[in-house]
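Below, each chain spelled out in residue letters.
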Amino acid sequence: MLVVKSERMLYLKSNGEVLRQYPVALGPVPRGHKQQEGDERTPEGRYILDYKNSESRFYKSIRVSYPNQRDRLRALELGVNPGGNIMIHGQPEGAEEGAQLFNWTDGCIAVSNEHMDEIWQMITVGTPIEILP
């Protein structure tokens, strides 16, 4: 899986070939790597999709393994909490139509519920994800 923040796109790939692509919403501060809890940034780097939650407060969620060791070391050097609980998820209950047109998450990667269903079916726990600027 690949997310390109500047394109606001998520790409499902297999053997280097793009199988599907989906528009995403990010946090209101989409530029730059997540530095600390509460900065509303989406991390950048290589991670693993390590947990699927069908009972999420959003329409399904898949956890990104942020923070990794490098993220924790950077936060330690800065004296901050790196944050965590970064997810790929669908929409919250009662979301207004068009929510994908603006960045509204706290640093997560949001897709439509229909797209979340497709991603959910195609992704297994342990799938690598790369998040680029």
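Structure first, text after, so check above.
Everything quoted here is computed from the prediction, not taken from an experiment. (Residues numbered from 1 in each chain as written. Predicted model: local features only at pLDDT ≥ 70, side-chain atom pairs only at ≥ 80, totals over all residues. Heavy atoms only, no water.)

> So what exactly am I meant to see when it comes to helix 2 (residues 113-122) here?
Note that an α-helix has 3.6 residues per turn; residues three or four places apart therefore point the same way. Along helix 2, the residues that are buried comprise M116, I119 and W120. One face of helix 2 carries all of its buried residues, which in axial projection span an arc of 105 degrees. For helix 2, the exposed residues set more than 90 degrees away from the buried face come down to E114 and Q121. Against the buried residues of helix 2 lie strand 2 (9-14), strand 3 (17-23), strand 4 (45-53), strand 5 (61-64) and strand 6 (87-89). (Buried < 20%, exposed > 50% of the residue type's maximum accessible area, 1.4 Å probe, protein only. Helix = DSSP H or I, 4+ residues; strand = E, 2+ residues; numbered from the N terminus. Arc of directions from axis to C-beta. Contact = heavy atoms within 4.5 Å.)

> Any chance you could explain the nonpolar core here in plain terms?
Membership of the largest hydrophobic core comes to 22 residues, with the highest contact counts inside it found for M1, L10, V64, I88, I119 and I129. Those elements that provide at least two residues to this core are strand 2, strand 4, strand 5, helix 2 and strand 8 (127-132). Contacts of M1, omitting those with residues within four sequence positions, involve L10, Y11, L12, L49, I88, I119, I123, P128, I129 and E130. (Core = buried A, V, L, I, M, F, W, Y, C linked by side-chain atoms within 4.5 Å.)

> Before we go on, may I ask you to explain the packing of aromatic side chains in this structure?
Taken as a whole and judged by the stated rule, the model has one aromatic pair. On the numbers, 6.0 Å between centres and 65 degrees between planes, the contact of Y47 with Y66 is edge-to-face. Of this pair, Y47 sits in strand 4 while Y66 is found in the loop between strand 5 and helix 1 (69-78), placing the two residues 19 residues apart along the sequence. Judged by relative accessible area, Y66 falls into the buried class, the value being 5%. (Phe/Tyr/Trp six-rings, centres within 6.5 Å; stacked < 30°, edge-to-face > 60°.)

> Sorry if this is basic, but what is going on with the sheet that holds strand 1 (residues 2-4) here?
Through backbone hydrogen bonds, the strands of a sheet pair up, either in parallel or in antiparallel fashion. Taken in spatial order, the eight strands of this open sheet run 3-2-1-8-4-5-6-7, and their pairing is mixed. Strands with a single pairing partner mark the edges of an open sheet, and in this sheet they are strand 3 and strand 7 (109-110). Direction of pairing for strand 1 relative to strand 2: antiparallel, over a ladder of three bridges. The residue of strand 2 that forms the bridge with V3 is L10. Lying over the sheet, helix 2 contacts strand 2, strand 3, strand 4, strand 5 and strand 6, oriented at roughly 145 degrees with respect to strand 3. (Pairing = 2+ DSSP bridges. Axes fitted to C-alpha atoms, helices over the stretch in contact; angles between N-to-C directions.)

> Help me understand the pairing of strand 4, please; the structure alone is not making it clear to me.
Walk down a regular strand and you will see the side chains alternate between the two sheet faces. Relative to strand 8, strand 4 runs antiparallel, the two sharing five bridges. The partner of G45 across the bridge, within strand 8, is I131.

> Even after reading the chapter, I still don't get the side chain of D39, so can you show me in this structure?
Positionally, D39 belongs in the loop between strand 3 and strand 4. You can call D39 buried: its relative accessible area is 17%. Looking at D39, its side chain comes within polar contact range of the main-chain nitrogen of Q35, at 2.7 Å. Engagement of the side chain of D39 in a polar contact is seen with the backbone nitrogen of Q36, the distance being 3.1 Å. In this structure, D39 is in contact with V29, H33 and K34, ignoring residues within four places of it in sequence. (Polar contact = N/O pair within 3.5 Å; in protein donor to acceptor, adjacent residues only side chain to side chain.)

> Any chance you could explain the pairing of strand 2 here in plain terms?
Between the end of strand 1 and the start of strand 2, which pair antiparallel, lie four residues, with R8 showing a positive phi angle near 55 degrees. Sheet analysis places strand 2 next to strand 3, joined by six bridges and oriented antiparallel. By the bridge assignment, L12 is partnered in strand 3 with R20. The hairpin formed by strand 2 and strand 3 contains two residues between the paired strands, and N15 there has a positive phi angle of roughly 50 degrees.

This is a description of form; function is not addressed.
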